[in-house]
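# Close look at the chain arrangement
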Amino acid sequence: MSDHQGLIVRGVSKRFGATQALDHIDLDVRPGEVIALLGENGAGKSTLSNIIAGTFLPDTGSMQWQGQPYAPAEPGDAIAAGIGMIHQELRLLPDLTVAENVFVGRWPMRGGKVDFTQMNERASVQLRRLGLDIEPTTPVRSLRVAAQQQVEIAKALTLEARLLMLDEPTAALGAEETEHLFGVIDQLRAEGVSFIYVSHRLEEIARIADRVVVLRDGRWVASHDTAQVPVSQLIEDMVGRNLEQIFPDTGAPGADEVLRVNGLTSAAGAFRDISFSVHAGEILGIAGIVGAGRTELVRAIAGADPVAAGSVELDGTPLRLGDPAAAIRAGITLVPEDRKHEGIVLDMAIADNIAVCNLDRLAEGGWVKPGRVRSVAEHAIKRLQVKGAPEHSVRSLSGGNQQKVVIAKWLERQPRVIILDEPTRGIDMGARAAIYDVIADLAREGMAVIVVSSELEEVLGLAHRVMVLSRGQQRGVLSGEEATDHAIMELATT
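This section reports on the structure supplied with the text. This is a predicted model, so every value here is computed, not measured.

## Notes on the overall build of the protein
Each helix and strand in the protein was counted, giving 19 helices and 24 strands. Taken over the C-alpha trace, the protein has a radius of gyration of 25 Å; the compact-globule value for 494 residues is 23 Å, and the two agree within 12%. Principal-axis analysis of the C-alpha atoms gives the protein an extent of 70 × 50 × 50 Å. A total of 494 residues make up the protein; the buried ones form 52% of that total. Residue pairs at least 24 apart in sequence account for 66% of intrachain contacts in the protein once pairs closer than 6 positions are excluded. Accessible surface for the protein amounts to roughly 21800 Å². Of this, 50% is attributable to carbon and sulfur atoms. A distance of 4 Å separates the average location of the 49 positive side-chain charges in the protein from that of its 66 negative side-chain charges.

Encoded structure:
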């Protein structure tokens, strides 16, 4: 083993049934260092984090922490040793206060009663240390995700944590909240706290990490002694192929204009005076930073949000605005960003999810025919290469396959316009390529496609033209050669 006082992992392996989740992994995390741990879903990042956190025992290998052998048999051992894990799905108790959550399981007692005064004061100290301006008596339920996450970090710090594992910590944060989190990490690393940082947002890595380790299929594939590595290189490490191979050929747009939006203005003030058109076989990308009004715009086009002014025309016919059923009948479909809450019913079978919004087409005389539902589902599963059978529950599928089910159920309606809002959010690189193939196929079949995405390479890799929004205003439409990441960012941030 080496001689530093941080975490040393050597030759750690883990098998689950037929799957070799980790294969002889080595890792060093020195005091005050942030290591970015990258890889697609299924690469072994969570398994490695769980072994370090004491959730699983490794099959082979050993660990050392602060100069001593380290072999946690359960999470309590890791916590006692000063190693904390901040999960992506936050583990707070919503009906307790911030202070009660910070000290959960170890509330300070006095004379046989909980000493709330002491607990609130001690929680206050940690919250201030993190630059958090919230009262320790606030119920956790009322906090935003960013604040809840910082309560988790405060909780780990009161446990004297010296190594924190952060799993996708910025997935639900806006730009300012992300910057605040990075400030907290910078401050703690200066105090000698180490971090293992797992994220899909590759553009953050250069800002926050000291070094990078990449896993693929349970094996170590690359390390970088600096985080100043081009995103394209990190993607190539993770996927084993370069960006050009991820984005398919989308063909040339047709001459017919399918959708025209004129002077569209949100009733809620989210965007104003937006005008553009989309042709058959064209993919229009909509780019912008969080809060630019992109989601609100596409919801308004799909009739889901009210409009104060402007018009939407489909094949030259004006659409009744603010009426989602009219939009669907006319042939406009929206695949929403939050697929778990708005796109699918998780505990229902794949076939039933596809049937739900096609009942008018699957019913005869008011009766839905199961055989017909199944054949439609089989066709959709085959067309989009969903890994699952019609009777499988959607919950059992990976994020990429869930997203394909959402797309599949709308494709059965043979729409003229399909709008995809953040189509690959939370989906790893390998599965993204499959979603991109689906989107390209739709365009080649002559559909008008709109893709809203915060991932610049996604917009650039897929779209024929890119419209940029900033603070609810249209900043420009870039096509072909003009559309570069710099040009988009410049317009998006003005």
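## Overview of the pairing of strand E18 (residues 332–335)
The alternating pattern of E18 places Ile332 and Leu334 and Thr333 and Val335 on opposite faces, both of which are buried. In the sheet, E18 pairs with strand E21 (residues 417–421) via four bridges, with the strands oriented parallel. The residue bridging Ile332 from the neighbouring strand is Val417, located in E21.

## Focus: the packing of helix H4 (residues 116–129) against helix H5 (residues 145–158)
Look at H4 against H5: their axes get within 9 Å of each other, and the N-to-C directions meet at 115°. The way H4 lies across H5 gives a crossing that is right-handed. Two secondary-structure elements touch here, H4 through Gln126, Leu127 and Arg129 and H5 through Ala154, Leu157 and Thr158. Looking at the contact of H4 with H5 residue by residue, the class counts come to three nonpolar, two polar and one charged.

## Focus on the side chain of Glu204
Tracing the chain through its elements places Glu204 in helix H7 (residues 202–208). Among the polar contacts made by the side chain of Glu204, one reaches the side chain of Thr170 at a distance of 2.4 Å. If we skip the residues at most four places from it in the chain, Glu204 touches Thr170, Thr178, Phe182, Tyr197 and Ser199.

## Quick word on the environment of Val102
Inspection of the secondary structure puts Val102 in helix H3 (residues 98–102). Judged by its relative accessible area of 0%, Val102 is buried. With near-sequence residues (within four places) excluded, Val102 lies in contact with Val151, Ala154, Lys155 and Thr158.

## Considering the pattern of salt bridges
When their charged atoms lie close together, side chains carrying opposite charge are able to pair. If you walk through the whole model with that rule in mind, you get 17 salt bridges. In this structure, Arg207 and Asp186 form a salt bridge, with 3.0 Å as the shortest nitrogen-oxygen distance. With Arg207 in helix H7 and Asp186 in helix H6 (residues 175–190), the pair connects residues that are 21 residues apart, well separated along the chain. We note a salt bridge from Asp210 to Arg189, for which the minimum N-O separation is 3.4 Å. With Asp210 in the loop between H7 and strand E11 (211–216) and Arg189 in helix H6, the pair connects residues that are 21 residues apart, well separated along the chain. Through salt bridges with shared partners, one network takes in Glu179, Asp186, Arg189, Arg207 and Asp210.

## A short note on H4
Over its 14 residues, H4 extends 20 Å from the first C-alpha to the last, a length consistent with the 20 Å expected when each residue adds 1.5 Å. Every buried residue belonging to H4 is among Met119, Asn120, Ala123, Ser124, Gln126 and Leu127, and all of these are buried. The elements touched by buried residues of H4 are H3, strand E8 (113–114) and H5. Looking at the residues trailing H4, positive phi occurs at Gly131, about 70°.

## Focus on the sheet that holds strand E4 (residues 60–65)
In space, the four strands of this open sheet follow the order E2-E1-E4-E5, with antiparallel pairing throughout. Edge positions in the sheet fall to strand E2 (19–29) and strand E5 (68–69), since each has one partner strand and no second. Bridging between strand E1 (residues 7–16) and E4 involves five bridges; their strand directions are antiparallel. Opposite Val9, over in E4, you have Met63 as the bridge partner.

## Things to note about the sheet that holds strand E3 (residues 34–38)
Taken together, six strands build an open sheet; the order of strands is E6-E9-E10-E3-E11-E12 and the sheet is mixed. The two strands at the open ends of the sheet, each matched to only one other strand, are strand E6 (83–86) and strand E12 (219–224). The sheet shows a mean angle of 20° between the axes of neighbouring strands, taken without regard to direction. The pairing of E11 with E12 spans five bridges and is antiparallel. Bridge pairing links Val212 to His224 in E12.

Calculation rules
- Residues numbered from 1 in each chain as written.
- Predicted model: local features only at pLDDT ≥ 70, side-chain atom pairs only at ≥ 80, totals over all residues.
- Heavy atoms only, no water.
- Helix = DSSP H or I, 4+ residues; strand = E, 2+ residues; numbered from the N terminus.
- Rg over C-alpha atoms; globule rule 2.2 N^0.38 Å.
- Buried < 20%, exposed > 50% of the residue type's maximum accessible area, 1.4 Å probe, protein only.
- Contact = heavy atoms within 4.5 Å.
- Areas by Shrake-Rupley, 256 points an atom, 1.4 Å probe, with all protein chains shown as cover.
- Lys, Arg positive; Asp, Glu negative; His and termini not counted.
- Charge placed at Lys NZ, Arg CZ, Asp CG, Glu CD.
- Pairing = 2+ DSSP bridges.
- Axes fitted to C-alpha atoms, helices over the stretch in contact; angles between N-to-C directions.
- Left-handed = near helix turned anticlockwise from the far one by under 90°.
- Nonpolar A, V, L, I, M, F, W, Y, C, P; charged D, E, K, R; others polar.
- Polar contact = N/O pair within 3.5 Å; in protein donor to acceptor, adjacent residues only side chain to side chain.
- Salt bridge = Lys/Arg side-chain N within 4 Å of Asp/Glu carboxyl O.
- Expected span 1.5 Å × (residues − 1).

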